[in-house]
Amino acid sequence: MNQNKIKIVVATHKKYEMPKDNMYLPVQVGKEGKDSIGYQGDNEGENISNKNQNYCELTGLYWAWKNLDAEYVGLSHYRRHFCLKKKSKNVFDNILTYDEANEILNSTDIILPKKRKYYIENLYNHYKHTLYIEPLDETRKIIEEKYPDYLNEFDKLHTRTSAHMFNMLIMKKDILKDYCEWLYNILFELEKRIDISKYDAFHARFFGRVSELLLDVWINTNNLKYKEVKVIDMENINWVKKGFSFLKAKFANQKYEKSF
């Protein structure tokens, strides 16, 4: 069995329990200028490691695109993984395995997380209420100028109420190459146009948030087929606190102050 057929980067900035399956490769994102925590660094080979404070896990995806030699390449997070089915009370035993991923990829070239649904408002309004909208609006201008064929799908952010989030994916390498070339061309242009310094550290991470919404724009415009797999959190989420923060953002114009 060729376990190098599929490689999934696990983006992390700290030591953490990792999947036991050899399909997974823990990668220390934002490694440039920092001490090693014992994982592969995203600062080797062709990389954008020094952009991590703004690009988040996307420095790990960039590293995987440029440096991994595998038929299928993916991205997950140290505290969030794909899960085909629950097998145990231990969440780490439920993480998608090589055999499970391989079987799915025998019939499709792309695995995405199940869509997150926003029942109260559309994707654009949710972003506008919880974060600063300028980067997303500027992204539209870039797409209109550089990739006009994608504009119609981008504008559906004003009506769509669900999306494949978290920048999690597994793709055939040649498809990932096409996606990343498109994505990073947009983000690098966005970086030229937005003054990052006017945002605090939390809100300056908008590249990773904009990219979450761009994934479906690219998938849908290209009419690509995919298989959805659910996502499991390795830590408990305080949904009450998250819900309260959303209500404050929507009705009191108080932007999110941190991740949940």
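Keep in mind it's a predicted model, so treat the numbers as computed, not measured.

Chemist: Could you clarify how one ought to interpret the packing of aromatic side chains in this entry?
Modeler: Any pair of aromatic rings gets described here by the distance separating the centres and the angle formed by the planes. If you walk through the whole model with that rule in mind, you get 17 aromatic pairs. Taking 5.2 Å as the distance between ring centres and 80° as the angle between the ring planes, the aromatic pair formed by Tyr62 and Trp65 counts as edge-to-face. Highlighted residues: Tyr62 and Trp65, both in helix H2 (residues 58-67), separated by three residues, approximately one helical turn. Assessed through its relative accessible area of 8%, Tyr62 is described here as buried. On the accessibility criterion, Trp65 (11% relative accessible area) is buried. Their ring planes at 35° and their centres at 4.9 Å tell us that Tyr150 and Trp182 sit as a pair that is tilted.

Chemist: I'm lost on helix H4 (residues 123-130) in this one. Help?
Modeler: Three or four residues apart is the spacing at which side chains of an α-helix point the same way, because the helix has 3.6 residues per turn. Most of H4 is tucked away, with six of its eight residues classed as buried. Buried within H4 are the following residues: Leu123, Tyr124, His126, Tyr127, His129 and Thr130. Capping the start of H4, Asn122 holds a side-chain oxygen 3.1 Å from the backbone nitrogen of Tyr124, two or three residues further along.

Chemist: How should the nonpolar core be read in this particular structure?
Modeler: Side chains of a nonpolar character, in soluble globular proteins, are inclined to be buried together. Judged by nonpolar contacts, the single largest core of 85 residues is most densely connected at Met171 and Tyr184. Looking at this core element by element, the count peaks at 10 residues for helix H7 (residues 173-193). Here Tyr184 is in contact with Ile48, Leu58, Leu61, Tyr62 and Trp65, once residues within four sequence places are set aside.

Chemist: Explain the pairing of strand S2 (residues 24-28) to me, please; I cannot follow it from the model alone.
Modeler: Every regular strand shows the same layout, with side chains that alternate between the two sheet faces. Taken across its five residues, S2 has four buried, putting it largely inside the fold. In the sheet, strand S1 (residues 6-12) pairs with S2 via five bridges, with the strands oriented parallel. The residue of S2 that forms the bridge with Thr12 is Gln28. As paired elements, S2 and strand S3 (residues 40-41) share two bridges and run parallel to each other. Within S3, the position partnered with Gln28 by the bridge is Gly41.

Chemist: Is there a simple way to explain unusual backbone geometry in this structure?
Modeler: Excluding glycine, most residues fall at negative phi; most peptide bonds, likewise, are trans. With phi around 55°, Cys56 is a residue other than glycine that occupies positive phi space. Relative to the assigned elements, Cys56 resides in the loop between helix H1 (52-55) and H2. On the basis of relative accessible area, Cys56 is assigned to the buried category, the value being 15%. In the Ramachandran plot, Asn223 falls in the positive-phi region, its phi being about 55° despite a non-glycine side chain. Following the sequence through the fold, Asn223 ends up in the loop between helix H8 (206-221) and strand S10 (227-233).

About the criteria used
Residue indices follow the written sequence of each chain, beginning from 1 at its first position. Thresholds applied to this predicted model are a pLDDT of at least 70 for local features of residues and 80 or more for the giving and counting of side-chain atom pairs; totals over whole chains, interfaces and linings are not thresholded and use all residues. Side-chain numbers come from the whole structure's heavy atoms, not from hydrogens or water. Under the pairing criterion, centres of Phe, Tyr and Trp rings, with the six-membered ring standing for Trp, must be within 6.5 Å; the plane angle then separates stacked pairs below 30 degrees from edge-to-face pairs above 60, leaving the rest tilted. Starting at the N terminus, helices and strands are each numbered in turn, a helix being any DSSP run of H or I of at least four residues and a strand any DSSP run of E of at least two. Using a 1.4 Å probe on the protein chains alone, a residue whose accessible area is under 20% of its type maximum counts as buried, one over 50% counts as exposed, and one in between counts as partly exposed. The term polar contact refers here to a pair of N or O atoms within 3.5 Å; inside protein, the definition further demands a hydrogen-donor-capable atom paired with an acceptor-capable atom, and it admits residues adjacent in sequence only when both atoms are side-chain atoms. We define the nonpolar core as a collection of buried residues of types Ala, Val, Leu, Ile, Met, Phe, Trp, Tyr and Cys that are connected through side-chain atoms lying within 4.5 Å of one another. Residue contacts are defined here by distance: any two heavy atoms, one from each residue, within 4.5 Å place the two residues in contact. Any two strands with at least two DSSP-identified bridges between them are counted as paired.

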